[in-house]
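Listed here are the chains, written in short residue letters.
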Amino acid sequence: MRTQVAIIGAGPAGLFLGHVLTRAGIDNVILERRDASRVLARIRAGVLEAGSADLLRKHGIGARMDAEGLPHDGFSLAFGGRRLRVDLRGLAGASVVVYGQTEITRDLMEARAASGARTVYGAEDVAIEGFEGDAPAVTWREGGVVRRIGCDYVCACDGFHGVGRASAPRATLREHGRAYPFGWLGVLVDAPPADHELLYARHERGFALCSMRSATRSRYYVQVPEGERAQDWSDARFFDELRRRLPDDVAERVTPAPSLEKSVAPLRSFVAEPMRFGRLFLAGDAAHIVPPTGAKGLNLALGDVHYLSEALIARIRDGDETGIDGYSAKALARVWRAERFSWRMTGLMHEFPDETPFERRMKDAEFAELEASRAARAALAENYVGAPL
Ligand code: RFL
Ligand code: PHB
């Protein structure tokens, strides 16, 4: 078997890369460890930057997002009894789109099925060979049989625990990051959202977030200590804790309902450098993780794929190597900016177990600055709607 580009992972990064390459006439194969239903069952991101939404439209997969997604012109921060609305449109001239990662994944899966491009689900023990030379290949096990595909390039879009980064040469790979001593417990319910926009709340009991997927489906999160297990949280306990952390008027509008999904996500900041090793490229969570407080992870993955697909198309169609040579630096510049923003939002809005009174006062002062200064709010808004690609 042979292909031009072997893609590992059928999350949003891998599926979007495959989609753009297929539309450019470049043959590609996606190898995914799980089956498609498992991939679709993961409830993750909810917020798309304006630039991400434009990117999906540009590549012909924005129709359902435009019909069903919810454009949001702002969001609110609640901070120890105070409330602040961040007017994204007024301050940064753009809005975001609330449209679930699951829906984007479904749209991309359908487009791929219609195009006839190959995807192998249930590919076990994926391994990458020869990417430091001219003839890389990927091997995997499928129903007990070992298979191999030769290719020109390998793109690892296989998330934080994937094989791509693990295969990178230790001498070149640098890894930076920190884990936070807490996670987010998330619940998805069929009930109208508490508010028409998102609300991020800091409270002495911990952070809480009111988000949504549609006018009838809500997504809520509460900060929990690291190691906490979702099965130890009944729906009643979750909603009780959530309401205690929200401003009274919002808490009253929360409609508890049986959870459709409940899970704990650990919080971490992480960057791997560089994002290219010979003929192996990393994209999305395979290369970097942000804590979800800034709503950046999926957007970074789509941005990486934008740069990487342009670079591969220029190389494969025209023999132009400048794009693939510049990919890592270009993607990382955008990644570090989002890392800083996500780290700052996480610090401001969460309760740290070892927080000193001095650190608490610094956060109070930071929130006061946001209340007092339009420039401070504008900087926040610009980061939230995202840097142009
Ligand atoms: P994914 O989605 O993890 O997909 C990787 C795929 O690779 C497969 N895989 C392998 N396949 C073959 N062989 C192997 N050895 C493999 N190892 C792994 C996996 O099965 C999987 O299918 O990575 P990708 O495509 O880079 O996408 C990244 C996003 O999923 C992620 O950044 C976002 O979900 C982060 N995120 C958010 N991002 C936003 O932009 N806005 C948000 O509002 C937002 N909210 C969130 C989030 C992430 C969260 N969690 C659960 C971490 C909220 C939460 C709670
Ligand atoms: C979500 O709806 O899942 C969501 C929204 C905003 C975030 C993180 C997650 O910052």
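Residues numbered from 1 in each chain as written. Chains lettered and ligands numbered in written order. Predicted model: local features only at pLDDT ≥ 70, side-chain atom pairs only at ≥ 80, totals over all residues. Heavy atoms only, no water.

## What about the overall build of the protein?
We count it as follows: Numbering of helices and strands runs from the N terminus; a helix is a DSSP stretch of H or I covering at least four residues, while a strand is a stretch of E covering at least two. In this treatment the radius of gyration is a C-alpha quantity, and the globule benchmark scales as 2.2 Å times the residue count to the 0.38 power. Relative accessibility under 20% of the residue-type maximum defines a buried residue, over 50% an exposed one, and the middle range a partly exposed one, all with a 1.4 Å probe and only protein chains included. Only heavy atoms enter the contact rule, under which two residues are in contact if any of them lie within 4.5 Å. Each accessible area is a Shrake-Rupley result for a 1.4 Å probe, and residues are judged covered by the shown protein chains and nothing else. Charge assignment: positive for Lys and Arg, negative for Asp and Glu; neither His nor the chain ends contribute. Where a charge sits is defined by one atom per residue type, namely NZ (Lys), CZ (Arg), CG (Asp) or CD (Glu).
When helices and strands are counted, the protein shows 13 helices and 20 strands. For the protein, the C-alpha radius of gyration of 21 Å lies close to 21 Å, the compact-globule estimate for 389 residues. When each of the 389 residues of the protein is scored for burial, the buried share is 55%. In the protein, once contacts between residues fewer than 6 apart in sequence are set aside, the share between residues at least 24 apart is 72%. Accessible area of the protein: about 16,200 Å², with a carbon and sulfur share of 50%. With 52 positive and 53 negative side-chain charges, the protein shows a separation of 1 Å between the mean positions of the two kinds.

## As for the domain arrangement of the protein
Interfaces are often sized by the accessible area lost when the parts come together. For clarity, the threshold we go by: Domain borders in the structure are assigned automatically or taken from a domain database. Two parts placed together each lose some accessible area under a 1.4 Å probe, and the buried area is that loss summed for both. Each salt bridge in this description consists of a side-chain nitrogen of Lys or Arg and a carboxyl oxygen of Asp or Glu lying within 4 Å of one another.
In terms of domain boundaries, the protein breaks down into domain 1 (5–71 + 96–177 + 268–346) and domain 2 (181–267 + 351–385). The distance between the C-alpha centroids of domain 1 and domain 2 comes to 28 Å. The interface of domain 1 with domain 2 comprises 24 residues on the first partner and 22 residues on the second. Summed over both sides, the interface between domain 1 and domain 2 buries roughly 1,900 Å², with carbon and sulfur atoms accounting for 62% of that surface. Area buried by domain 1 at its contact with domain 2 is led by I43, F341 and R344, which between them contribute 26% of it. Counting every contact that joins domain 1 to domain 2 gives one salt bridge. Between E366 and R344 there is a salt bridge; the shortest N-O distance is 2.4 Å.

## Some thoughts on the packing of aromatic side chains
Test applied: Two rings from Phe, Tyr or Trp (for Trp, the six-membered ring) form a pair when their centres are within 6.5 Å of each other. A pair whose planes differ by under 30 degrees is stacked, one over 60 is edge-to-face, and the rest are tilted.
Across all of its chains, the model carries 15 aromatic pairs by this definition. Here F160 and F270 contribute two aromatic rings whose centre-to-centre distance is 5.1 Å and whose plane-to-plane angle is 80 degrees, an arrangement assigned as edge-to-face. Here the residue F160 occupies a position in the loop between β12 (153–156) and α7 (163–167), and F270 occupies one in strand β17 (residues 259–273), the gap between them amounting to 110 residues. Across the pair, F270 and F160 agree in class, each one buried. Taking 4.8 Å as the distance between ring centres and 50 degrees as the angle between the ring planes, the aromatic pair formed by W184 and Y221 counts as tilted. Here W184, found in strand β13 (residues 174–189), pairs with Y221, found in strand β16 (residues 217–225); they are 37 residues apart in sequence, far enough to count as distant.

## Brief notes about the sheet that holds β12
Under the convention used in this document: One requirement defines pairing of two strands: DSSP has to find at least two bridges between them.
Strand order in the open sheet formed by six strands is β8-β2-β1-β12-β19-β18, with mixed pairing between adjacent strands. At either end of the open sheet lies a strand with only one pairing partner, and these are β8 (118–121) and β18 (276–277). Relative to β8, strand β2 (residues 28–32) runs parallel, the two sharing four bridges. Across the sheet, the residue bridging to V29 is R118, located in β8.

## With respect to the nonpolar core
Keep this limit in mind: Only buried residues count toward a nonpolar core, which is a set of Ala, Val, Leu, Ile, Met, Phe, Trp, Tyr and Cys residues joined through side-chain atoms within 4.5 Å.
With 74 residues, the main nonpolar core has F16, L48, C155 and L312 as its most contacted residues. Residue contributions to this core peak at 10 residues, all from helix α10 (residues 297–318). Membership of the second largest hydrophobic core comes to 35 residues, among which are V47, V96, M345 and V385.

## Comments concerning the site of ligand 1
Rules: Each residue is tested against the molecule or strand, and it is near if at least one of its non-hydrogen atoms lies within 4 Å. Any pair of nitrogen or oxygen atoms within 3.5 Å is treated as a polar contact; in protein, a donor-acceptor pairing is required on top of that, and neighbouring residues in sequence qualify only through side-chain atoms on both sides. Following the grouping adopted for this structure description, the nonpolar residues are Ala, Val, Leu, Ile, Met, Phe, Trp, Tyr, Cys and Pro, the charged ones are Asp, Glu, Lys and Arg, and the polar ones are all others, Gly among them.
In the vicinity of ligand 1, 32 residues are found, and the nearest of them are E32, R42, Q101, D285 and L298. Note that an oxygen atom of ligand 1 is positioned 3.2 Å from one of the backbone N or O atoms of G297. Contributing elements (two or more residues each) for the shell around ligand 1: α1 (12–23), β2 and α10. With three residues, the single largest contributor to the shell around ligand 1 is α10. Here the shell around ligand 1 is composed, by residue class, of 15 nonpolar, nine polar and eight charged.

## What about unusual backbone geometry?
Of the consecutive residues E273 and P274, the connecting peptide bond is found in the cis state with omega at -10 degrees. Within the fold, P274 resides in the loop between β17 and β18. A positive phi angle is found at D125, which is not glycine, with a value near 50 degrees. In this structure, D125 sits in strand β9 (residues 124–129).

## Some thoughts on the packing of α1 against helix α6 (residues 101–115)
Put simply, the rule is: The axes used here are C-alpha line fits, helices contributing only the stretch in contact, and every angle between their N-to-C directions lies in the interval 0 to 180 degrees. Crossings are assigned a handedness: left-handed for a near helix turned anticlockwise from the far helix by less than a right angle, right-handed for a clockwise turn.
Two elements in contact, α1 and α6, have axes whose closest approach is 10 Å; the angle formed by their N-to-C orientations is 35 degrees. In this structure, α1 crosses over α6, and the sense of that crossing is left-handed. Within the contact between the two elements, α1 uses P12, L15, F16, G18, H19 and T22 and α6 uses Q101, T105, L108, M109, A111, R112 and S115. When grouped by side-chain class, the residues that make up the contact of α1 with α6 number six nonpolar, six polar and one charged.

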